[in-house]
Amino acid sequence: MDVLINVFVALHIVGIASLLGGFLTQMKAMGAGTARFSPAMLHGALTMLVTGVALVGLNQADDQTVNNLKIGIKLAILVVLGLVYVKRDEEKVDKGLFAAVGGLTTANIFIATLWV
């Protein structure tokens, strides 16, 4: 079970890297007002959702404690997925909205790593 959990943790990290990497590559375009959500950002957010739900289930199946408050907050932050999904076909995304996605993604990382 530990190997399976670690595989899903690795896939979860790949998802966050895709979402945050897509944001970081668009920083210059955000300053110019021409930033857009890339498919990598959408796929990263979807990967995070699927692997995160799988991790909660696997940890509970392995009789490990799961902090439901932490998971709930992380799911609430997943509003990022909705924003990216709805605006994925637009040529330009508002600076504030794009910055919010980057900020919420970063907050999600800090919650995952610092909240024990």
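Residues numbered from 1 in each chain as written. Predicted model: local features only at pLDDT ≥ 70, side-chain atom pairs only at ≥ 80, totals over all residues. Heavy atoms only, no water.

## A short note on a nonpolar patch on the surface
Moving on, step 1. The grouping of Val3, Val7 and Leu11 at the surface amounts to a nonpolar patch, some 260 Å² of accessible area in total.
Moving on, step 2. Secondary-structure assignment places Leu11 in helix α1 (residues 2-25). (Patch = residues over 30% accessible without salt bridge, like charges linked within 9 Å, V, L, I, M, F, W, Y side chains within 5 Å. Areas by Shrake-Rupley, 256 points an atom, 1.4 Å probe, with all protein chains shown as cover. Salt bridge = Lys/Arg side-chain N within 4 Å of Asp/Glu carboxyl O. Helix = DSSP H or I, 4+ residues; strand = E, 2+ residues; numbered from the N terminus.)

## A closer look at the layout of surface pockets
Moving on, step 1. The space that makes up the largest pocket amounts to roughly 740 Å³.
Moving on, step 2. If you go around the largest pocket, you meet 26 residues; those closest to its centre are His12, Leu55, Ile71, Lys74 and Ala112.
Moving on, step 3. Looking at side-chain class alone, the lining of the largest pocket contains 16 nonpolar, 8 polar and 2 charged residues. (1 Å grid on protein atoms, 1.4 Å probe; cavity = no way out; pocket = protein on both sides within 12 Å on 5 of 7 lines; lining within 4 Å. Points joined across faces, edges and corners; volume = space filled by probe spheres on them. Nonpolar A, V, L, I, M, F, W, Y, C, P; charged D, E, K, R; others polar.)

## A closer look at the side chain of Thr105
Moving on, step 1. Inspection of the secondary structure puts Thr105 in helix α6 (residues 95-114).
Moving on, step 2. Here Thr105 falls in the buried class, since its relative accessible area comes to 3%.
Moving on, step 3. One polar contact links the side chain of Thr105 to the main-chain carbonyl oxygen of Val101, over a distance of 2.7 Å.
Moving on, step 4. Those residues in contact with Thr105, other than ones at most four positions away along the chain, are Ile16, Leu19, Leu20 and Val80. (Buried < 20%, exposed > 50% of the residue type's maximum accessible area, 1.4 Å probe, protein only. Polar contact = N/O pair within 3.5 Å; in protein donor to acceptor, adjacent residues only side chain to side chain. Contact = heavy atoms within 4.5 Å.)

## Digging into empty space enclosed by the protein
Using a probe with the size of a water molecule, rolled over the atoms, empty space left in the structure can be pinpointed.
Moving on, step 1. Within the structure shown, the criterion is met by 1 cavity of 30 Å³ or more.
Moving on, step 2. Approximately 30 Å³ is the volume found for the largest cavity.
Moving on, step 3. Top element by residues in the lining of the largest cavity is α6. It accounts for 3 residues.
Moving on, step 4. Each residue belonging to the lining of the largest cavity can be placed in one class, and the counts come to 6 nonpolar, 2 polar and no charged.

## With respect to α6
Moving on, step 1. In this model, α6 (20 residues) spans 28 Å end to end at C-alpha, consistent with the 28 Å of a helix rising 1.5 Å per residue.
Moving on, step 2. When we look at burial in α6, the residues that qualify are Leu97, Phe98, Val101, Gly102, Thr105, Asn108 and Ile111.
Moving on, step 3. On its buried face, α6 sits against α1, α2 (27-32), α3 (39-61), α4 (68-77) and α5 (79-86). (Expected span 1.5 Å × (residues − 1).)

## Structural notes on the confidence of the model for the protein
Moving on, step 1. Here the protein averages 95 in pLDDT, while 100% of its residues score no lower than 70.
Moving on, step 2. By mean pLDDT, α5 is the weakest element of the protein at 92, and α1 is the strongest at 97. (pLDDT = per-residue confidence, 0-100.)

## As for the packing of aromatic side chains
Moving on, step 1. One pass over the full model with this rule turns up 2 aromatic pairs.
Moving on, step 2. Site record: aromatic cluster; members linked through ring pairs are Phe23, Phe37 and Phe98.
Moving on, step 3. It is Arg88 that lies over the ring of Tyr85; its NZ or CZ is 4.0 Å from the centre. (Phe/Tyr/Trp six-rings, centres within 6.5 Å; stacked < 30°, edge-to-face > 60°. Lys NZ or Arg CZ within 6 Å of the ring centre and 35° of its normal.)

## Here's the deal with unusual backbone geometry
Moving on, step 1. Unlike most non-glycine residues, Asp63 shows phi in positive territory, near 60°.
Moving on, step 2. When you line up the elements, Asp63 lands in the loop between α3 and α4.
Moving on, step 3. We classify Asp63 as exposed; its relative accessible area is 72%.

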